Amino acid sequence: MNTSKEMSAFSDFPPPEHFPIFMHNRFMKDYLEMYAQHFQLMTYVMLNHTVVAVERSKVGNHWLISVVNQKTQMTFQVVARFLMICTGTNAFPKSITFLGMEQFNGPVIHSHAYKHAERFAGKTVLVIGNGNSGTDIAVELSNVCKKVYLSLRNDGCWVLSRLVRDGYPLDMFFIRRFLDLLSRWVPRRLRNIIAEYQASERLNHDLFGFHPKRRFYDGSRVVINDEVGNRLVNGTLVLKGEVDRFKNNGVVFKQDSSQVHNIDAVFLATGYQINCPFLRDANFQSNVTDAYKFVFPVKQPEHKPTVAFIGFIQTFAPQFPVSEMQARWAVQTFLERCILPSQDIMSHNVAETRRRIEASLGSTHVPKPIVDYVPYMDFLAKAIGARPSYFSMLFRDPLLFMVCMFGPLVPYQFRLEGPHAWDGARDAVLNASRRCRASLRTRNAIDQIQESRRILPARISVTLLFCALVATVIWTQYSHFA
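Residues numbered from 1 in each chain as written. Predicted model: local features only at pLDDT ≥ 70, side-chain atom pairs only at ≥ 80, totals over all residues. Heavy atoms only, no water.

## A word on helix α2 (residues 132-141)
Listed as buried for α2 are Gly134, Thr135, Ile137, Ala138, Val139 and Leu141. The secondary structure elements touched by the buried residues of α2 are β6 (124-128), β7 (147-151), β9 (222-224), α7 (228-234), β10 (237-240) and β14 (265-268). (Buried < 20%, exposed > 50% of the residue type's maximum accessible area, 1.4 Å probe, protein only. Helix = DSSP H or I, 4+ residues; strand = E, 2+ residues; numbered from the N terminus. Contact = heavy atoms within 4.5 Å.)

Following this line, the structure appears as structure tokens:
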């Protein structure tokens, strides 16, 4: 996990305190099972079944879902009034081919099928793709392999650590409501300078060979990994450019025509394609990435939404809270407690959103819709009535206001008010940082002197925050965030 447990949590179910800050997949599995058990969800879940077709019923406003039982191979149909498609953006691997790939003697595996590094112990491996998956796989393989080569695209990437200077999680430090408001007043050029300076403090990107060609906030690829720099200086991981062609036991790279021989295996970390092959309705198939707010297809029969896409976006923040909020909005809309705009308004919004994303990325090809986390979450929360009234909170509960405004934007904030509000939300918000650090306090002896040294800077910070309080409240009251 590249996002911390408190920022990635379900909004009404914080992870246990003793779970690590960044949950390994086994902890994430345990957390999901605990969530399902707590809310008694397994009664409604059918495992080991595959959806093979989804189509409109010719009679009535229903969906016919064809399902195959993987144990018995029996096929049956389920009739549903509403449909939520939650396969997301990482369900269908996208493979690319290179000249001469069919001549290569070793296995060529998509990163989607990667499980364990031990299988490749002592071997030479090439990983193509410098996203988070490709970098993570290359780093893990470099612990057991003889040599690992990581092939980067020409535009390079920026590399960040999961932790900031004092060991605090990156997402908890930067995803804050106050910083989001502040960033809207800061020119992008200055934001790029600040972000690139912080990224370069830990890693000289040109020296190590990452060579990002775009500015940080101008559509550049951003990778989060703590160990890639160490593996590079150890020599077990080597960065290379784009692959030009394959040979029977190696590859040739484009930029310098250099060659690497005796490669035992190749991993393609080449991403995924957004696809819903089980959807029989071509109209909905084409609406996956062109849905209103990336959730509701604009054109739905009888102008009543009965289908929603959940998790078909990318954000530089935890994915779970976004998908959960999308699902909450979809349910409230299905129940007609939220009303969507007209088709014309939604179509205009879809076109404008796509234009804005393309302009930001400098490309007309946007494989995954990208959203700004805080404004997007605020829109969804406001739509269902779950966005807290921060102005009234200032007078009703000043401490909670300070934490909500200047602390990390944890998902629990969206359970303070609105439908399905949670009584434990206030406590979860106030104690998120403490729970984050709890897993590290495994020694009985705590250095009280070091703890006390943090009190004065903390008080100074709070004083400075209060000085900015009045301006922030006034701005919030009269902006579209109010």
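Once the structure has been displayed, the description carries forward.
## Regarding the packing of aromatic side chains
Counted by the stated rule, this structure contains 25 aromatic pairs. Their ring planes at 20° and their centres at 3.9 Å tell us that Phe10 and Tyr35 sit as a pair that is stacked. Here the residue Phe10 occupies a position in the segment before α1 (25-38), and Tyr35 occupies one in helix α1, the gap between them amounting to 25 residues. Residue Phe10 is classed as buried on the basis of its relative accessible area of 15%. Its relative accessible area of 16% is what places Tyr35 among the buried residues. Where Tyr292 meets Trp329, the ring centres are 6.1 Å apart and the plane angle is 55°; that geometry is what we call tilted. (Phe/Tyr/Trp six-rings, centres within 6.5 Å; stacked < 30°, edge-to-face > 60°.)

## Details of the sheet that holds strand β13 (residues 259-260)
Reading across the sheet, the 3 strands line up as β11-β12-β13 and stay open at both edges, with antiparallel pairing between neighbours. Every interior strand has two partners, whereas the edge strands, β11 (243-246) and β13, have only one. Looking at chain direction, strand β12 (residues 251-253) and β13 are connected through 2 bridges and run antiparallel. By the bridge assignment, Val252 is partnered in β13 with Gln259. (Pairing = 2+ DSSP bridges.)

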